[in-house]
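Coordinates in review
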Amino acid sequence: MTHLQTRRGDITTVAVDAIVNAANSSLLGGGGVDGAIHRAGGPEILAACRELRATTLPDGLPAGRAVATTAGRLPARWVIHTVGPVYSRAENRSATLASCYRESLRVADDLGARTVAFPAVSAGVYGWPMDDAARIAVRTVVDAATDVETVVFVLFGDGAKAAFDQALSELAR
Ligand code: AR6
């Protein structure tokens, strides 16, 4: 069974086997956690992303999928890039958000990663309400069939940490 933890902080500083990036389909960088990961990890990560675009992912990475690269000079060994869905009131995209977590864990299993850190995918620029994003994240990781032993949700800010703690406590009930 996978052990779930929450922590407040900056995911680029976390020493786990793999950290997950909330990227966009281009894989060529952006703001938020994506910008922070590329800044802290250095140009090796972008070079690996460009290589993926030139080879296996000419059209980019679709929402709900995940792919791994080096973590450059980050303390983690790998970065697993996933693309969350943009939040929509008109359309329920929860299955795509759940897929980000499931696919990231599948990639982690392929790598042999045992400890994985996630940010709150889609809950920043992509506009997903934090409470709902947290519930989907926690439920999907708990239900996933994975060899990953520990998942740490690394949350930026007290509100995000409280939302994930609440989602975890709802599970326990
Ligand atoms: N460590 C942990 N969490 C962070 C960090 C960090 N260093 N920096 C931000 N967050 P976002 P999205 C939190 O916008 O909504 C990018 O431009 C942030 O507070 O990074 O999936 C990509 O290139 C929020 O709670 O990702 C895409 O274009 C959470 O991480 C787009 O944003 C996710 O916010 C993806 O948007």
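In what follows, the structure referred to is the one given above.
In short, a report on the structure. (Residues numbered from 1 in each chain as written. Predicted model: local features only at pLDDT ≥ 70, side-chain atom pairs only at ≥ 80, totals over all residues. Heavy atoms only, no water.)

1. Looking at the site of the ligand
Residues in contact with the ligand amount to 22 residues; listed here are only the nearest, N24, G31, V33, D34 and V125. Counting atoms within 2 Å of the grid points, the majority share of the ligand lands in the largest pocket. Within the residue set of the shell around the ligand, elements represented by two or more residues are β2 (18-23) and α1 (32-41). Among the elements that make up the shell around the ligand, the one with the highest residue count is α1 (four residues). Considering only residue class, the shell around the ligand consists of 13 nonpolar, seven polar and two charged. (Near = heavy atom within 4 Å. 1 Å grid on protein atoms, 1.4 Å probe; cavity = no way out; pocket = protein on both sides within 12 Å on 5 of 7 lines; lining within 4 Å. Sits in = over half its atoms within 2 Å of the grid points. Helix = DSSP H or I, 4+ residues; strand = E, 2+ residues; numbered from the N terminus. Nonpolar A, V, L, I, M, F, W, Y, C, P; charged D, E, K, R; others polar.)

2. Regarding helix α3 (residues 94-111)
Quick reminder: α-helices carry 3.6 residues per turn. Residues three or four places apart thus point the same way. An ideal rise of 1.5 Å per residue puts 26 Å on 18 residues; α3 measures up with 26 Å between its terminal C-alpha atoms. Every buried residue of α3 is listed here: L97, A98, S99, C100, Y101, E103, S104, L105, V107 and A108. In the core, the buried residues of α3 are packed alongside β2, β3 (66-70), β4 (78-83), β5 (115-118), α4 (130-143) and β6 (150-155). (Expected span 1.5 Å × (residues − 1). Buried < 20%, exposed > 50% of the residue type's maximum accessible area, 1.4 Å probe, protein only. Contact = heavy atoms within 4.5 Å.)

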